[in-house]
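Geometric and topological summary
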Amino acid sequence: MVLRDKATCCSRVGVLVLFDKEGFNNMQERQELFRRHLQNPIIRPENMPYPVNAVFNPGATIYNGKTLLLMRVEDRRGISHLAIATSSDGITGWEIYPEPALMPDPSRKEEEFGIEDPRITFIHDLDLWAVTYTAYSRYGPLVSLALTKDFRHFERVGPILPPENKDAALFSEKISKKTSSYFGLIHRPVPVFPGAGAHIWMAYSPDLRHWGGHQVIIQARMGAWWDADKIGIGPPPLKTSEGWLVLYHGVKRTVSGAIYRCGLALLDIENPDIVIARSNNWIFAPSADYELIGDVDKVVFPCGWVAAGDELRVYYGAADKSIGLATAKVSELIEWLEKDGQEKVL
C-alpha cells in the first residue's frame, strides 16, 4: 500500500480502489453516493457478548454525545430482540451492552415471535426518544411503539397499527394541520388484495396512540422497476432546508430471489403528504460480499442515520446478518435527487 494524496491506493482484481484516511471507499466507478466503510461489517454476530445468529437493521441516534445503535439481534432460536452499541465517533470502537435492551414481552401476544427493525426518533415536543418497531406473532407483523429517556428504561405503548404493517418511522416535529398540530408517522401496510402492491403511507396522531388520516404518499412502481410491488421507509425522515429527506427501500423480485435496494424521496417541509421529488434510479444496492450473501441474500436495509451538518452516516443491515456503515453528504443527495427525481408524483 502506498499513501498518495492522503488516500490509500490498492489494486484488487485489476480495479483501482481508493480509501480515505477514515477508511471509506472513495471510488465512484458505480456512481454511488454512499461510501462504504473499509472495515464493514462494523458489527458482526461474533462481536456480540452472547451467542446469536445475526445482528442487523439498527436504529441510530446521538445519546450523551455518542452514537447509539439499537440493533435487531436474532438469537439461535430465531427470535429477535433489541440490543445497544455505542461509539464516540460513530465509526469505530463500538461498545456493546452486555445485556439486551428490550426483549419480547411474553405477556404480549403480538410479540410472541420477537421484536424487529427499530427506528429511533427524538421527539422535540416530548423531550424523549420514540422507538417504532415491528412486533411479530402468529397474527402477523404489526407496528409497536416504545418511549425512553435513557435507553435503559422503556415505556411500552404497545401496538399502534394492526397487522400486516411494518417499516414505520416518526417525524421529529409535529406537523401543522388546519387548527392543530399532530405527530406524523410513515408506515407500510400490506394489503391482502392480489396485485395491490405495498406502498408508503402517512398517518397522524394527537397523542402517539390513536392514528388517522391515513393516505398513500409514495406508491410502489410496477413491472420491471427496481422498486416495483413493495417499498418501505428506511430511517426516520430527515429535516433539511429543502424538505423532509426520505431514504426508502424497494424490492424487486427476480427468478433468483428478491433484491433490496434504496432510493430517495423529498417531502414538503410544511405538508409531508406532498412528494416534491422521488428518485427514478436506485442509489444504494447490495454489491459487497457481506451484502450479497447472508441469511437473506442481496439486501441492504437501512434503519438509522445520523447527520452532523452536511455529513450523514447511514447504518444498515447487510443480508440480514451484520451491520454496515456508509457515509454521504446531504447536499449531494438532494442535488442528485433534483436531477434524477420525478417531481410531484406518487
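Calculation notes
- Residues numbered from 1 in each chain as written.
- Predicted model: local features only at pLDDT ≥ 70, side-chain atom pairs only at ≥ 80, totals over all residues.
- Heavy atoms only, no water.
- Salt bridge = Lys/Arg side-chain N within 4 Å of Asp/Glu carboxyl O.
- Buried < 20%, exposed > 50% of the residue type's maximum accessible area, 1.4 Å probe, protein only.
- Helix = DSSP H or I, 4+ residues; strand = E, 2+ residues; numbered from the N terminus.
- Polar contact = N/O pair within 3.5 Å; in protein donor to acceptor, adjacent residues only side chain to side chain.
- Contact = heavy atoms within 4.5 Å.
- Arc of directions from axis to C-beta.

So, about the pattern of salt bridges. Inspection of the entire model under this criterion finds 18 salt bridges. The salt bridge involving R108 is made with E110; its shortest N-O contact spans 3.5 Å. Judged by relative accessible area, which is 23%, R108 ranks as partly exposed. Owing to a relative accessible area of 12%, E110 belongs among the buried residues under this scheme. Among the ionic pairs, K177 bridges to D273, the shortest N-O distance being 2.7 Å. Linking K177 in strand 14 (residues 175-177) with D273 in the loop between strand 21 (257-267) and strand 22 (275-279), this pair joins segments that are 96 residues apart in sequence. One network of salt bridges, in which partners are shared, links R72, E116 and D117.

Time to look at the side chain of D167. The topology assignment puts D167 in strand 13 (residues 165-170). Here R119 takes part through its side chain, which lies 3.2 Å from a polar atom of the side chain of D167. With residues near it in sequence (within four places) discarded, D167 still touches R119, T134, I186, H187, R188, G232, I233, H249 and F301.

Burial in helix 2 (residues 330-340) covers these residues: V330, L333, I334, W336, L337 and D340. Along helix 2, the residues classed as buried sweep out an arc of 160 degrees about the axis, all on the same side. Seen from the open side of helix 2, the exposed residues pointing more than 90 degrees away from its buried face are E338 and K339.

With that settled, the discussion passes to unusual backbone geometry. With an omega of -10 degrees, the peptide bond running from N40 to P41 counts as cis. Relative to the helices and strands, P41 resides in the loop between strand 4 (35-36) and strand 5 (54-63). A cis amide bond links P163 to the next residue, E164, at an omega of -10 degrees. Tracing the chain through its elements places E164 in the loop between strand 12 (154-161) and strand 13.

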